[in-house]
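Close look at the chain arrangement
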Amino acid sequence: MSDGNFNRALLPHTPYASGLKAGKAIARSKAVEAFREWLAEAFPTLSAEEQQRHRDTFGRLLEHKMP
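Read on for an overview of the structure. (Residues numbered from 1 in each chain as written. Predicted model: local features only at pLDDT ≥ 70, side-chain atom pairs only at ≥ 80, totals over all residues. Heavy atoms only, no water.)

We now examine the overall build of the protein chain. Helix and strand counts for the protein chain stand at 2 helices and 0 strands. The buried share among the 67 residues of the protein chain stands at 9%. Accessible surface for the protein chain amounts to roughly 5900 Å². Of this, 60% is attributable to carbon and sulfur atoms. (Helix = DSSP H or I, 4+ residues; strand = E, 2+ residues; numbered from the N terminus. Buried < 20%, exposed > 50% of the residue type's maximum accessible area, 1.4 Å probe, protein only. Areas by Shrake-Rupley, 256 points an atom, 1.4 Å probe, with all protein chains shown as cover.)

In structure tokens:
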């Protein structure tokens, strides 16, 4: 008679955590790329150094918002 527990070895393997991390990484890279394109279109007069500084700031903000 079962006591409500089951053998976890009988369950199918679900790589949920690694899939979640991969999805977050893809979303982050797409967000940074979209920001880069927007920045170049909205502020074409910014130097490459200024654009990089803004991308770095955006990346740091994403780290705080996407745990």
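After that view of the structure, there is still more to cover.
Glancing now at the pattern of salt bridges. Opposite charge on two side chains makes pairing possible when the charged atoms of those side chains draw close. Counted by the stated rule, this structure contains 2 salt bridges. For the salt bridge of Glu 63 with Arg 28, the shortest nitrogen-to-oxygen distance reads 3.5 Å. You can see Glu 63 sitting in helix 2 (residues 48–65) and its partner Arg 28 sitting in helix 1 (residues 16–42), a full 35 residues away along the chain. For the salt bridge of Glu 33 with Arg 36, the shortest nitrogen-to-oxygen distance reads 2.6 Å. Here the residue Glu 33 and the residue Arg 36 both occupy positions in helix 1, the gap between them amounting to 3 residues, near one helical turn. For Glu 33, a relative accessible area of 35% corresponds to the partly exposed category. Classification of Arg 36 as partly exposed rests on a relative accessible area of 33%. (Salt bridge = Lys/Arg side-chain N within 4 Å of Asp/Glu carboxyl O.)

One pass over the full model with this rule turns up 3 aromatic pairs. Here the aromatic rings of Phe 35 and Trp 38 are separated by 5.8 Å at their centres, their planes lie at 35 degrees, and the arrangement is tilted. Of the two residues, Phe 35 and Trp 38 are both situated in helix 1; the distance of 3 residues between them amounts to about one turn of the helix. Its relative accessible area of 17% is what places Phe 35 among the buried residues. Between the aromatic rings of Trp 38 and Phe 43, the centroid separation amounts to 5.7 Å while the plane-to-plane angle is 85 degrees, which identifies the pairing as edge-to-face. The rings of Phe 35, Trp 38, Phe 43 and Phe 58 are connected pair by pair, giving a single aromatic cluster. (Phe/Tyr/Trp six-rings, centres within 6.5 Å; stacked < 30°, edge-to-face > 60°.)

With that out of the way, let us pick up the packing of helix 1 against helix 2. Put simply, helix 1 and helix 2 touch, their axes get as near as 10 Å, and they point 145 degrees apart. Both helix 1 and helix 2 take part in a crossing whose hand is right-handed. Across the interface between the two elements, Arg 28, Ala 31, Val 32, Phe 35, Arg 36, Leu 39 and Ala 40 of helix 1 pack against Gln 51, His 54, Arg 55, Phe 58, Gly 59, Leu 62 and Glu 63 of helix 2. Residues that form the contact of helix 1 with helix 2 fall into these classes: 7 nonpolar, 3 polar and 4 charged. (Axes fitted to C-alpha atoms, helices over the stretch in contact; angles between N-to-C directions. Left-handed = near helix turned anticlockwise from the far one by under 90°. Contact = heavy atoms within 4.5 Å. Nonpolar A, V, L, I, M, F, W, Y, C, P; charged D, E, K, R; others polar.)

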